[in-house]
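Letter by letter, the chains look like this.
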Amino acid sequence: MAASELYTKYARVWIPDSEEVWRSAELTKDYKQGDTVLHLQLEDGTDLEHKLDPKTKNLPHLRNPDILVGENDLTALSYLHEPAVLHNLKVRFIDSKLIYTYCGIVLVAINPYETLPIYGTDIINAYSGQNMGDMDPHIFAVAEEAYKQMARDERNQSIIVSGESGAGKTVSAKYAMRYFATVSGSASEANVEEKVLASNPIMEAIGNAKTTRNDNSSRFGKYIEIGFDKKYHIIGANMRTYLLEKSRVVFQADEERNYHVFYQLCASSHVPEFKALKLGSADVFHYTKQGRNPVIDGVDDAKEMSTTRNAFTLLGINESYQMGLFQVLAAILHLGNVDVKDRDADSSIIPPNNSHLMVFCELMGVAYQDMSHWLCHKKLKTAAETYIKPIPKLQAINARDALAKHIYAKLFNWIVDHVNKALHSTVKQHSFIGVLDIYGFETFEINSFEQFCINYANEKLQQQFNMHVFKLEQEEYMKEQIPWTLIDFYDNQPCINLIEAKMGVLDLLDEECKMPKGSDDSWAQKLYNTHLKTCSLFEKPRMSNKAFIIQHFADKVEYQCEGFLEKNKDTVNEEQIHVLKASKKFDLLVELFRDEEKATSPTGVAPATGGRTRLSVKPDKGKPDKSSKEHKKTVGLQFRNSLQLLMETLNATTPHYVRCIKPNDYKYAFTFDPKRAVQQLRACGVLETIRISAAGFPSRWTYQEFFSRYRVLMKQKDVLPDKKMTCKNVLEKLVQDPDKYQFGKTKIFFRAGQVAYLEKLRADKLRAACIRIQKTIRCWLARKKYLRMKHAAITIQRYVRGYQARCLATFLRRTRAATIIQKYQRMYVARSSYRRKQAAALAMQCILRAFMARQLYRALLREHKAIIIQKMVRGWLARQWYKRSLAAVVYLQCCMRRMRAKRELKKLKIEARSVEHYKKLNIGMENKIMQLQRKIDDQNKDNRSLTERLSGLEVTHAAESERLRRELSRLRCAEEDAKNSNNRVITLQEELERLRAELQNTQKEKKAIEEWAQKYQDEMEQMISELKDQNNLLKNEKNDLNRLIQEQGQQWTEKMQRALKEETAQLETDLNEERSRYQNLLSEHLRLEEKYDDLKEEISLTVNVPKPGHRRTDSTHSSNESEYTYNSEFAESEEGSRGVEDVTKASLDMALFLKLQKRVTELEQEKQGLQNELDRREEQFQRARARDDEEHKKARSAELEYESLKRQELESENKKLKHNLNEMRQSLMSNAGAVSAAPGSPAYKVLLDQLNSSNEELEVRKEEVLILRSQLVSQKEAMQHKDEKETMTEPLHYVEDVQKLGDAKEISQAYMGLKDTNRLLESQLQAQRRSHESELEALRGELQSVKEENNRQQQLLAQNLQLPPEARIEASLQHEITRLTNENLVNPTEDPKAYRISVLRRMIDLMEQLEKQDKTVRKLKKQLKVFAKKINDLEGGQIENVSPGQMADEPIRPVSIPRREKDFQGMLEYKKEDELKLVKNLILELKPRGVAVNLIPGLPAYILFMCLRHADYINDDQKVRSLLTSTINSIKKILKKRGDDFETVSFWLANTCRFLHCLKQYSGDEQFMKYNSPKQNEHCLSNFDLAEYRQVLSDLAIQIYQQLIKCMENILQPMIVSGMLEHETIQGVSGVKPTGLRKRTSSIADEGTYTLDSIIRQLNSFHSIMCQHGTDPELIKQVVKQQFYIVGAVTLNNLLLRKDMCSWSKGMQIRYNVSQLEEWLRDKNLMVCGAKETLEPLIQAAQLLQVKKKTDEDAEAICSMCNALTTAQIVKVLNLYTPVNAFEERVSVTFIRTIQNRLRDRKESPQLLLDTKIIYPVTFPFNPSSLALETIQIPGSLNLAFLTRV
């Protein structure tokens, strides 16, 4: 395809721009052949017409697709040109904050001017062992590649770091050296890597300075060779330096500084040891104040001086030499302040007593007169005479400055030499890696000799770089068998010839320096005459005759000739040097100028070889000319020679290139200046690399990657089984021009732009497929919508028509119904009107008649009641006055009581501080409420009585009215009579008037009474309402108080629960941390033990001198080793410290080894002596046996009688105790009802149970004592009867004690001691009986008091039941108050609660006494066993020596308790000498696979424990200790030998845990015995407490677990990244993007690569092996959790360091892989083990790759979702997110800033990567075994036939 065909509409191109260098634009019209203008539109929407060059017709550069922008390798870009490189670097630097980018073999590093967290140890570990293309670009990746190639190819390596000043060269070189120091380490204990790193602050102090471009600019070049041995550990280093900028010592430009060390000295002038230097501020000295800016922001010079001094000390430069160095530096500062004045025009003078010169002479130890003289004079030598000539002021100042520069250069060389001596190693160097930190190409406004040398060095380095790149390209083409065509690239050999060839610039300069009157002007003229016409690279400026221009590979540079000759000569007054060398007081000064005569350079520049050894060589007088010639070597010649040696070194190594770029001149963080960047890219050769790559086939794909990426462009028929043929066929169809690609053996090579074309075809195909899918889906959606609308329309029509028909039928029905309704309605209205009228007439008549009757009745009633009311009112008024007076008195009483109650309430409120007071307060409030309720009831009763009285008054009034009516009728009769009598008329009238007046008064009084009654009723109602309100208020207060109490109680409960949870979580965290710390110390202890064993083996191999008469065998060695190991572990447990003791402190001493040998010899001699003593004692025992028989016969009868009496006494006591116990039990059962109702009945039941158990325990103990006594009796009878059948069935072997029984007297003494012991036991049993009797009496008294309390409670209950409800409540309240008062007073005789507390306390005391007595009984039992075994041994010895005749003559007496033969007890007996065989067959030579498959799990642990049980049974502590120690050491030995075998480690972890569980299960502790069966409890250990050994075994199990984790990690580590990240589990989801020269690991599963199935298969293998070995389920869960943590951490770390893995499709792959792992957990029932939680950070990272990342809502969702990720990890993933297809979008910088702002308040670690070395602390929960020991069978395959079942 022609290139012009790509310039179509919407194609994007780069056009030149004056501000941004290159600017992006888009074609708005297709380009056609012959067009002279391109129609473009800029990104801001501006239209532009870009004119093409009419001569070249070159089209602008095409822009790469968006998915290729931001690639790790610039060579992965489809279009390789300058704008593409610049844009890619800018996007990575600004948007993604990535400072490293590959450009083929070059690492481009952009200085961020900000500290980044990407250089920690975790990052170093992540890059260690990785391929260079697998991880994101980094300086560590380059260092790892160099280290790996050195080890793989056996070839020395070099890392060439170059760049401008301020670009970060020194920092990059420093990080590379730190990587080597961290990864390789040193082979010795001398910490060489620390010394290598310590050289950095020293060289920075004396060789770095602040410039306008860089605060820490290196003003010299250095090449550091880091040496390695055959194991590739650092053994030393060597440094070469180049072209120190000495002029900076005496001159600095504005805003620049001198070397750092001067300012460090001035800042530390207050230090006491620096007082003698007489220093001050840096502004005082001429050499430090010229830049007028002596301070660097953020740098503490005093602190830096401390760092420099520490580095000097670390490198072995002592304090005296350090002070000498600082003395010389201070003298240089004082020398700069020496003031020179004019004497006349041709001479100068230093004023006498110049203070600074005096200090200089004092510090240097030279004469003041000599130095002041030679600073102003010089010596001229001729053939005949020598003249001393004064010099003018300017020359004197130049001489002073030259002396200062010369001294500093000498000091610089001396320091470099001593640093090399400190870094020198005596071990032979096998290989090295060189790190070259050298100045980059420089061009300033004024360029002088220094810039010329720097650019000359860069020309040489660029030539070497070009040749190397060309060579690599050629090798790649030849490897792939691609036809090689010569690529035209820039060769700068002509420029190098111009500088260094014969008659070149340097040659002419040296020649001019030799001329007596040579000058810069004459040298310039020679340059013009020689090169101006012959060399096109040499030019002359138009406006100057003292400058020249050289066309370098990067740019044209104009050099000013002024100063070239002087700087090349670098002359210094020799007389000044002689004065300094004559110093008598300053040895360091003499040492600096000691080799002045044989120096190869007057400049003081370090020789190229570096690290030379100084020798005191006298000058050869026979050859003065040679020394003179060497002394006259110029700076240019020296630099050329050293540069030539450097190039030879680099050519002999494999180079690795780091190009440092300075993004801006203002040191702004993450600010990119395109102009400055392009200038540096051109200068450092990056663009040349791009050009060489673009000239050939820059894009390279493997066939598998091409097939995977462009499978969408193939048809099904094009896909063949052979991927190579498939790719060939497809390419021939897609790309018509065969020159655009080439097929190699494993890769396809493409010309520049072809990948972009293929990407365009792929995007078009995918876009067409998307359009087709959209078309089909939209058609389907439209058709579905049409069918739904059609169906809806038909349905609507059907329902509408039905609705209309129903509406018509309804209308007809309503019309007919309306007619009928009208008919009936009219009839109803007429009838209703008639009925209303009739009812109204009747109602009016009724109302009128009723009104008239009521009026008549009322008149009569008023008249009748008037008299009655008048009679009753006066009495009623008197009574009311009395009641009001009584109410007022009661009210006053209430007020007084209320006032007192309020006072009491205040006191109670003050006292109320707890919930109990609130409860009491509530009780009081309830009483008040009840009293108020009673008052309300009383008032209601009064109200009812008043109402009754009113009703009575009404009745009386009615009767009186009736009487008055009768009287009225009588008066009417009388009136009729009065008509007849006139005299009585007036009287009756007066009486009538009087009655009327009385009636009116009565009516008024009645009205007043009614008003008063109404007022009283209102007052009563108001009082009732007030009382109700007060009652409600009190109720509310009560409810509020109750609610407050409940809330406070709930709050306290929640607070306590929350505090308890927090405390529990904190304790768990602290416990895990402590457990982790302890287990880490255990691992360190194991490492030290292994080191100790290795050293001991080396010692045994080197010093193997056995003493005469004894040869140390393996058994003795193992025994001693075991003893030592056990003692050390026991000492650690005794001290309570779980830290790792330095166990190798004494073991490394040879004296201990010889002492142990001597001790073994002494022990064997002592053993032989004891054996002889045993034989002698046995003979004495045989002689004394006959003499002792008679004495035993006499003592036997008395003892038997005494024992029978004691036995009868004990039986009678036992019966008595049983009788008392039964009586007490009956009394308790008879009073069961009363006791159950008592408050303390549960406590008494517990007490009764405890008493029963204690009595049963006493009975058991007594029976055991009786059994022991019966055994003693049987043994004594056996001594008399000599009957072997009645003796103990299993004799115990205490031969040592028998040997110590010297004669019969000692035997009798032992027997008497046994009798005393028996008497002691009897007295103790009697004391226990008496104490139990007293306790029974106390319990009877307490039972009686409980009965009385019960009776009293029943009486109270009966009394309460007889009372009415109100009184019952009152009585219950009173009783409760009394009870609470008694509780507060704590009366022990009346308070049941206090009584219960006292009873519980007595129960606790009784239980403690029982435990103490139990311990005493156990102790006495053990003593009895010991004595019984001793006597048994004595009897055994006697029985063996009894003749058969004696046995037959003695009568056989029956024993008191018959014995029977026992079955197998689950013990295994072995001989002491078989212990090594047991350990060898069962541990050292055991194959785990056969045991795990064919036998029961944990069989070795069971066998070892059964052997241990037998040793415990026979009470042989030596045997127990020896067996346990040998077992532990053997397990350690087999793990050391086969520690990398997972099956072996898992097998012994399971068996060690099982052995530990057996020791716990059969230890006899109650906490473990409760899980056992009765038979298992019989098998518990009886004589030894092995708690200390349990701790030792637990530590051993922890060490095995950690070794298991490490072994598992080593197996899983290579699988994780390939299986979890790189392998495409879901094929076709993620496409492979184009890659550059740094090829990453293929994501396609080839043969030999790991997949997710490989990881799951390995997990299945781990799980099945552990299950077969019988590993505890809880332990398996912990192992699986650790496995999943390793998988998640390694995967996440690689994801965070690989930009190519951060895409949407990769997130889907990761989530699918995680789901498969979760499915595996579900299949194994391990979901609750915490393994899934360890994958949570990885899951959230995968979700983060897939979620939407645009809006603020998305940011909020991300912040809430990613709670397991740190802010640094979230931002890193977002920065690395890379679209794989054109349909995806990048994450905007604004969105990332939003995320950072939202997560700003998070308090978390800034660490980016997870620590993959973390091992969770392990626990071993107790897991008892249900397997009975007696059922275990030992297979013959174990070769343990020497074990005997017991």
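The model shown is predicted, which means the values in this text are computed figures rather than measured ones. (Residues numbered from 1 in each chain as written. Predicted model: local features only at pLDDT ≥ 70, side-chain atom pairs only at ≥ 80, totals over all residues. Heavy atoms only, no water.)

Some remarks on unusual backbone geometry
A positive phi angle, close to 50°, is found at F670, a residue other than glycine. Relative to the elements of secondary structure, F670 occurs in the loop between β21 (654-661) and α22 (674-684). The phi dihedral of N1725 falls on the positive side, at around 55°, and the residue is not glycine. Mapped onto the fold, N1725 is located in the loop between α49 (1704-1723) and α50 (1731-1734). (Helix = DSSP H or I, 4+ residues; strand = E, 2+ residues; numbered from the N terminus.)

Points about the nonpolar core
In this structure, F180 and F548 are the most contacted members of the largest nonpolar core, which totals 317 residues. The element that contributes the greatest number of residues to this core is helix α46 (residues 1587-1622), accounting for 18 residues. V13, Y710, V730 and A756 belong to the second largest nonpolar core, which has 33 residues in total. (Core = buried A, V, L, I, M, F, W, Y, C linked by side-chain atoms within 4.5 Å. Buried < 20%, exposed > 50% of the residue type's maximum accessible area, 1.4 Å probe, protein only.)

Thoughts on the sheet that holds strand β20 (residues 556-560)
Hydrogen bonds between backbone groups are what pair the strands of a sheet, and the pairing can be parallel or antiparallel. Ordered in space as β18-β19-β20, the 3 strands form an open sheet in which the pairing is antiparallel. Two strands lie at the open edges of the sheet, namely β18 (538-539) and β20, each paired on one side alone. Where strand β19 (residues 547-551) and β20 come together, 5 bridges link them in antiparallel fashion. Of the residues in β20, the one forming a bridge with A547 is Q560. Across the sheet, helix α16 (residues 520-531) touches β18 and β19, and the angle it forms with β19 is around 40°. (Pairing = 2+ DSSP bridges. Contact = heavy atoms within 4.5 Å. Axes fitted to C-alpha atoms, helices over the stretch in contact; angles between N-to-C directions.)

Observations regarding a negative patch on the surface
Together, E1062, E1063, D1070 and E1073 give the surface a local cluster of negative charge. Relative to the elements of secondary structure, E1063 occurs in helix α28 (residues 983-1102). (Patch = residues over 30% accessible without salt bridge, like charges linked within 9 Å, V, L, I, M, F, W, Y side chains within 5 Å. Areas by Shrake-Rupley, 256 points an atom, 1.4 Å probe, with all protein chains shown as cover. Salt bridge = Lys/Arg side-chain N within 4 Å of Asp/Glu carboxyl O. Lys, Arg positive; Asp, Glu negative; His and termini not counted. Charge placed at Lys NZ, Arg CZ, Asp CG, Glu CD.)

Section: the pairing of strand β4 (residues 47-51)
With 0 of 5 residues buried, β4 is to be regarded as a mostly surface element. The sheet contact formed by strand β3 (residues 37-42) and β4 spans 5 bridges and is antiparallel. Counterpart to H39 in the pairing with β4 is E49.

Describing the environment of F697
Following the sequence through the fold, F697 ends up in the loop between α23 (686-695) and β22 (699-702). Spatially, the C-alpha atoms of F697 and I482 are 9.9 Å apart, while their sequence positions differ by 215 residues. Apart from residues lying up to four places away in sequence, F697 is in contact with Y477, I482, D739, K740, Y741, Q742, F749, F750 and R751.

A closer look at the sheet that holds strand β23 (residues 741-743)
Taken in spatial order, the 3 strands of this open sheet run β22-β24-β23, and their pairing is antiparallel. Strand pairing shows two members of the sheet lacking a second neighbour, β22 and β23, which therefore form its edges. Sheet twist, expressed as the mean angle between neighbouring strand axes with direction ignored, is 20°. In this structure, β23 lies alongside strand β24 (residues 747-750), joined through 3 bridges in antiparallel fashion. Among the inter-strand pairings, Q742 is bridged to a residue of β24, identified as F749. Here helix α25 (residues 723-734) sits on the sheet and contacts β23 and β24; the angle it forms with β23, its principal contact strand, is near 160°.

What to know about the side chain of R659
Here R659 is to be found in strand β21. Buried and unpaired, R659 has D437 as its nearest opposite-charge partner, separated by 11 Å. Polar contacts involving the side chain of R659 include one to the side chain of S162, which spans 2.9 Å. Excluding residues within four positions of it along the chain, R659 makes contact with V106, L107, V108, A109, I160, S162, Q462, F465, C684 and V686. (Polar contact = N/O pair within 3.5 Å; in protein donor to acceptor, adjacent residues only side chain to side chain.)

A closer look at the pairing of β19
The element β19 is extensively covered by neighbouring structure, given that 4 of its 5 residues are classed as buried. Of the pairings in the sheet, the one linking β18 to β19 comprises 2 bridges and is antiparallel in character. Looking at the pairing, F538 lines up with I550 of β19. Taking the residues between adjacent antiparallel strands as the criterion, β19 and β20 are bridged by 4 residues.

Some thoughts on helix α4 (residues 169-184)
Taking 1.5 Å of rise per residue, 16 residues should cover 22 Å, and α4 covers 23 Å from first to last C-alpha, within 8% of that figure. Taken together, the buried positions of α4 are K169, T170, S172, A173, Y175, A176, M177, Y179, F180, A181 and S184. (Expected span 1.5 Å × (residues − 1).)

Details of α49
Taking 1.5 Å per residue, 20 residues should reach 28 Å; α49 reaches 29 Å between its end C-alpha atoms and fits that length. Buried residues belonging to α49 abut α46, α47 (1652-1668), α48 (1673-1696), α50 and α51 (1736-1746). One or two residues past the end of α49 sits N1725, with phi positive at roughly 55°.

Digging into a positive patch on the surface
On the surface, a cluster of positive charge is made up of R897, R898, R900, K902, R903, K906, K907, K909 and K935. Here K935 is to be found in helix α27 (residues 915-980).

Concerning the confidence of the model for the protein
Averaged over the protein, the pLDDT score is 78; the fraction of residues at 70 or greater is 75%. Contacts for the low-pLDDT stretch residues 1104-1155, under 50 throughout, to residues beyond four places or in other chains number 67 contacts. Low pLDDT, under 50, characterises residues 1435-1462; the predicted model gives this stretch 36 contacts beyond four residues in sequence or across chains. (pLDDT = per-residue confidence, 0-100.)

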